[in-house]
Amino acid sequence: MKITAVEAIPFTIPYVKPLRFASGEVHAATHVLVRVHTDAGVVGVAEAPPRPFTYGETQDGIIAVIKGVFAPAVVGLTLLEREVVAARMARTVGNPAAKSAVDMAIWDALGKVLGLPVGDMLGGYTDRMRVSHMLGFAEPAAMVAEAEKMVDIYGIRTFKVKVGRHPASLDTAVVRALRERFGSDVDLYVDGNRGWTAAESARAMREMADLDLLFAEELCDAADVLGRRWLVEQLPVPFIADESVPTPADVTREILGRSATAVSIKTARSGFTTSRRTHHLAEGLGVPVVMGNQIDGQIGTACTLAFGSAFELTSRYAGELSNFLDMSDDLLTEPLQIRDGHLHRSTAPGIGFEIDPDKLDRYRTDN
Ligand code: MUC
Ligand code: MG
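Residues numbered from 1 in each chain as written. Chains lettered and ligands numbered in written order. Predicted model: local features only at pLDDT ≥ 70, side-chain atom pairs only at ≥ 80, totals over all residues. Heavy atoms only, no water.

The name recorded for the protein chain in an unreviewed UniProt entry is Enolase, from Gordonia hongkongensis. UniProt, in its Sequence similarities (unreviewed entry) section for the protein chain, records the words "Belongs to the mandelate racemase/muconate lactonizing enzyme family." (UniProt positions renumbered as here; feature names shortened; annotations may be inferred.)

What follows is the structure, encoded as structure tokens:
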């Protein structure tokens, strides 16, 4: 069960439709495939999505830190020494996606060696999650049309609407159009990716007061400490901290500082080992959790699903599990299938997916 090597492979898969939001836009999945090799012959796999606009990581940087720092730190450890792996990687500041992919690939390898699904190893609460779909910036009619497609084809009934534009009426018009189109048949929440100030956020939320929102996420920057506390105090719905809480310590700071009242857990930035800590912390603090999407491909989505389905708290609300639908292709032999608004997790050992070698050859950019 010893780790013998860690590979970091760059690949790029174009998006059919780019995702646009207040802090950036994504046109292609320019990710890193991480493979952890073991002396048992088993290989664990995960993917790291670089998000420079959120955490500062780039594809080249992820490859460099895995090859130069994390691989030498973990080779020789066993798959059971996940806390040692976490402690060794924690000596390096930042690099959340790189650390998470190494961590999740180790869990995948461990599940394969033991013959157990990772979702069961983590908690085994349920075998499925409801899916929430993220609507990126576009004209109101196009965003409503996309939601209609998601309802009709996939049975999805929860939508996260990207907001944070100027004027805010661009966004509030979209949310109003969605509510008018679907009535109470859908759940709606909004995510500002720090695009508004606290005062702009408060005004926009007042304009949407009659639209029965489920949550508001990261409308303004957590660095505006008092402004955000002032905003959160007056909101009638939970305020989700997303990019402001990549670590458990960040969760403690935001919740105890009253700058957030709910938490997004993203396995792409906290893997399974740290996400588990964040889950336990959120449970202890008594705050809702939404499983978020770091604009993941199908590998990352399978990771989110494995973790989210493992606990009651993380599967209570619909998880953001559908961004991969915007990609032109992916690396898996069996594509994930959203049916009746749900994704079911695989019962196969590990995270539960297989990489198609031909697809990897086609999309890897290092050969
Ligand atoms: C999200 O929930 O914010 C977009 C930016 C980012 O950091 O994550 C995505 C989705
Ligand atoms: Mg967000």
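After presenting the structure, the write-up continues.
Chemist: Explain the packing of aromatic side chains to me, please; I cannot follow it from the model alone.
Modeler: Two aromatic rings, taken as a pair, are described by how far apart their centres are and by the angle between their planes. The full count for this structure, using the stated rule, is seven aromatic pairs. Taking 5.0 Å as the distance between ring centres and 75° as the angle between the ring planes, the aromatic pair formed by phenylalanine 215 and tyrosine 317 counts as edge-to-face. Of this pair, phenylalanine 215 sits in the loop between α7 (198-207) and β7 (216-217) while tyrosine 317 sits in the loop between α13 (312-315) and β11 (319-320), and the two are 102 residues apart along the sequence. One aromatic cluster is present, built from ring pairs that chain together Trp107, Phe272, Phe307 and Phe311. Across from the ring centre of tryptophan 107, 4.4 Å away, lies the NZ or CZ of arginine 82, which sits over that ring. Just above the ring of phenylalanine 182 sits the side chain of arginine 181; from NZ or CZ to the centre is 4.9 Å. (Phe/Tyr/Trp six-rings, centres within 6.5 Å; stacked < 30°, edge-to-face > 60°. Helix = DSSP H or I, 4+ residues; strand = E, 2+ residues; numbered from the N terminus. Lys NZ or Arg CZ within 6 Å of the ring centre and 35° of its normal.)

Chemist: Even after reading the chapter, I still don't get the site of ligand 1, so can you show me in this structure?
Modeler: Looking at ligand 1, there are 13 residues lining it, with Thr54, Lys160, Lys162, Asn193 and Gln294 nearest. Separating an oxygen atom of ligand 1 from a side-chain N or O atom of lysine 162 is a distance of 3.0 Å. Glutamine 294 places a side-chain nitrogen or oxygen 3.0 Å from an oxygen atom of ligand 1. If ligand 1 stood free it would expose 270 Å²; the protein chains cover 100% of that surface. Its atoms largely coinciding with the cavity grid, ligand 1 occupies the largest cavity. Residues of the shell around ligand 1, tallied by class, amount to three nonpolar, four polar and six charged. (Near = heavy atom within 4 Å. Polar contact = N/O pair within 3.5 Å; in protein donor to acceptor, adjacent residues only side chain to side chain. Areas by Shrake-Rupley, 256 points an atom, 1.4 Å probe, with all protein chains shown as cover. 1 Å grid on protein atoms, 1.4 Å probe; cavity = no way out; pocket = protein on both sides within 12 Å on 5 of 7 lines; lining within 4 Å. Sits in = over half its atoms within 2 Å of the grid points. Nonpolar A, V, L, I, M, F, W, Y, C, P; charged D, E, K, R; others polar.)

Chemist: Sorry, what's going on with unusual backbone geometry here?
Modeler: Most of the time, phi is negative for any residue but glycine, and the peptide bond is trans. A cis amide bond links histidine 166 with the next residue in sequence, proline 167, at an omega value of -5°. Tracing the backbone through its elements, the reader meets proline 167 in the loop between β5 (158-162) and α6 (169-182). Even without being glycine, asparagine 193 reaches a positive phi, approximately 40°. Among the secondary structure elements, asparagine 193 is positioned in the loop between β6 (187-191) and α7. A positive phi is found at glutamate 218, a non-glycine position, where the angle reads about 35°. Mapped onto the fold, glutamate 218 is located in the loop between β7 and α8 (225-234). By relative accessible area, glutamate 218 is classed as buried at 0%. (Buried < 20%, exposed > 50% of the residue type's maximum accessible area, 1.4 Å probe, protein only.)

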